[in-house]
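Each chain, letter by letter, is given below.
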Amino acid sequence: MKIAKTIQEMREAVRDARRGGESLGLVPTMGALHEGHLSLVRAAKARCDAVAVSIFVNPLQFGPHEDLANYPRDFAGDCHRLEGEGVDFLFAPSVEEMYPETSVTYVELEGLSKRLCGGSRPGHFRGVATVVAKLFHIVEADLAFFGQKDAAQVAILRRMVKDLNFPVEIVVCPIVREPDGLAMSSRNAYLNPQERKSALQLHRSLNEVERRFQQGERDPASLIEAGKNVLAQEPGVRLDYFSIVDPDTLVPVTGLTRNALVAVAAFVGSTRLIDNAVLTP
Ligand code: AMP
């Protein structure tokens, strides 16, 4: 696996690899890799001749009082895992490399940036869209792989690709869960044993919404209330939002005649977790 720490090294490495017209897949990550990330790598390996992974803890997508400094980092372990998956290129730039002091350009998606996590994490999606736009320009991949775990991020990046005509196809991979149902996340490493138990309530609340939906409940407000009630049963969990939205616009739905995204965000102790499910009529 070729490890590139600068933009120039990365551009040269992937250009060389693509001389023969090979297809290239990109998997952007913030590292501390788990099976969720590796599922994206495997999907990329299955569809592309060569695979590039990026590891960059992007300061632009963290708020001033968030966990940027403490975010889990395990570069040696990540390299080992990626080698094991047969990844061809790893792009692991420094913050100074990605954001020189002179940098003043950002990608903002009007309206969309402020929905779901964008409401409680101002500037988060602007940071995501900006770094992914830069990665798309640096790596010039044909396909880019993202997890349904971050469903709002998927909506934002799909829209960015459409609006700004990026020549890349976005591929979305299913949520990978622990055996008990907790969605895998690098932030699960913050949870103590009691919090780890409480964290399962997010998945339980989504299950309850899906169960009622399957039984015929079609009122979004009733479903949201049912989901919130399940969360409230666990005192260790503090709700951030529980919403049912259009998967593309992230606007709350008033009816359930088309696919809808049920999205939950909650604090377990000081750890903020997210999860979601899709309701298909
Ligand atoms: P992150 O390192 O958290 O920025 O995540 C990098 C990519 O991995 C994003 O596209 C995430 O949606 C995806 N991802 C994270 N956790 C999971 C999971 N449990 N299942 C599937 N994809 C995931």
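We now turn to the structure provided with this report. The residue numbers shown here count from 1 along each chain, following its written sequence. It should be noted that, the model being predicted, local features are given only for residues of pLDDT at least 70 and side-chain atom pairs only at 80 or more, the latter also being counted only at that level, while totals for whole chains, interfaces and linings use all residues. Hydrogens and waters are ignored; side-chain quantities use all the structure's heavy atoms.

Bringing the overall build of the protein into the picture now. Segments assigned H or I by DSSP are reported as helices when at least four residues long, segments assigned E as strands when at least two residues long, and all are numbered from the N terminus. Scanning the protein for helices and strands turns up nine helices and nine strands. The C-alpha radius of gyration computed for the protein amounts to 19 Å, which stays within 12% of the reference 19 Å derived for 281 residues, consistent with globular compactness. The principal-axis extent of the C-alpha atoms belonging to the protein is close to 55 × 40 × 40 Å. In this scheme, a residue with accessible area under 20% of its type's maximum is buried, one over 50% is exposed, and one in between is partly exposed, where area comes from a 1.4 Å probe on protein chains only. Within the protein, buried positions represent 53% of all 281 residues. Only the C-alpha atoms count toward the radius of gyration. The rule for a globule is 2.2 Å times the residue count to the power 0.38.

One non-glycine residue with positive phi stands out, namely A32, at about 50°. For A32, the position within the fold is in the loop between β2 (24-29) and α2 (35-47). For A32, a relative accessible area of 14% translates into the label buried. Backbone geometry at N165 places phi at a positive 55°, although glycine is not the residue there. Structurally, N165 can be placed in the loop between α7 (151-163) and β6 (169-173).

All right, on to the site of the ligand then. Around the ligand, the surrounding shell holds 17 residues, and the nearest of these are M30, H37, D150, V176 and M184. At 2.9 Å from an oxygen atom of the ligand is found a side-chain nitrogen or oxygen belonging to H37. Contacts described as polar in this section are N or O atom pairs within 3.5 Å, which, within protein, must combine one atom able to donate a hydrogen with one able to accept it, while residues neighboring in sequence count only if both atoms come from side chains. The separation between a nitrogen atom of the ligand and a polar main-chain atom of V176 is 2.9 Å. Contact with the protein chains hides 93% of the accessible area of the ligand, taken as 490 Å² for the molecule alone. Contributing elements (two or more residues each) for the shell around the ligand: β2, α2 and β5 (143-147). Ranked by residues supplied to the shell around the ligand, first place goes to α2 with three residues. Basically, the charged four are Asp, Glu, Lys and Arg, the nonpolar ten are Ala, Val, Leu, Ile, Met, Phe, Trp, Tyr, Cys and Pro, and anything else, Gly included, counts as polar. Class assignment of the residues belonging to the shell around the ligand gives a composition of nine nonpolar, six polar and two charged. Consider each residue's heavy atoms; a residue with any of them within 4 Å of a molecule or strand counts as near. For every accessible area listed, the method is Shrake-Rupley and the probe measures 1.4 Å; residues are considered covered only by the protein chains on display.

Running from N to C, helix α8 (residues 193-214) and helix α9 (residues 220-232) point in directions that differ by 150°, and their axes come no closer than 8 Å. With respect to their mutual orientation, α8 and α9 come out roughly antiparallel. At the point where α8 passes α9, the crossing takes the right-handed sense. Facing Q201, L202, R204, S205, E208, V209, R212 and F213 of α8, the residues of α9 in contact are L223, A226, G227, V230 and L231. Structural elements are reduced to axes, namely lines fitted to C-alpha atoms, with helices fitted over the stretch in contact, and the angle between N-to-C directions of any two is expressed from 0 to 180 degrees. In this scheme, roughly parallel covers angles under 35 degrees and roughly antiparallel covers those over 145, while 65 to 115 is roughly perpendicular and the rest are oblique. Handedness of a helix crossing follows the sense of rotation of the near helix relative to the far helix, less than a right angle counterclockwise being left-handed and clockwise being right-handed. In what follows, a contact means two residues having at least one pair of non-hydrogen atoms within 4.5 Å.

What follows covers the packing of aromatic side chains. In this scheme Phe, Tyr and Trp rings, the latter by its six-membered ring, pair at centre separations within 6.5 Å, and the angle between planes marks the pair as stacked below 30 degrees, edge-to-face above 60, and tilted otherwise. Going through the model one piece at a time under the given rule, you end up with four aromatic pairs. Considering the side-chain rings of F56 and Y99, the 6.0 Å spacing of their centres and the 50° angle between planes classify their relative orientation as tilted. Of this pair, F56 sits in the loop between β3 (50-55) and α3 (75-84) while Y99 is found in the loop between α4 (95-98) and α5 (117-120), placing the two residues 43 residues apart along the sequence. Assigned by exposure class, F56 and Y99 land together as buried. Where F136 meets F146, the ring centres are 6.4 Å apart and the plane angle is 70°; that geometry is what we call edge-to-face. Of this pair, F136 sits in helix α6 (residues 124-139) while F146 sits in strand β5; the two residues are ten residues apart in sequence, bridging distant segments of the chain. Here F136 matches F146 in class, with each residue buried. By the ring-pair criterion, three or more aromatic residues cluster together here, those being F136, F146 and F166.

Attention now moves to the side chain of E234. In this structure, E234 sits in the loop between α9 and β7 (237-245). One polar contact links E234 to S198, side chain to side chain, over a distance of 3.1 Å. Apart from residues lying up to four places away in sequence, E234 is in contact with S198 and Q201.

The definition used for a disulfide is geometric: two cysteine sulfur atoms within 2.5 Å. Scanning the entire structure with this criterion turns up zero disulfides. With no disulfide of its own, C48 has C173 as its nearest cysteine by sulfur position, at a separation of 10 Å. Cysteine C117 is unpaired, with the sulfur of C173 as its nearest cysteine sulfur at 19 Å.

Bringing the environment of L157 into the picture now. Tracing the backbone through its elements, the reader meets L157 in helix α7. The exposure class of L157 is buried, given its relative accessible area of 0%. Residues L157 and E169 lie twelve residues apart in sequence; the distance between their C-alpha atoms is 11 Å. Once residues within four sequence positions are removed from consideration, L157 is found in contact with V128, A129, V132, F146 and I170.

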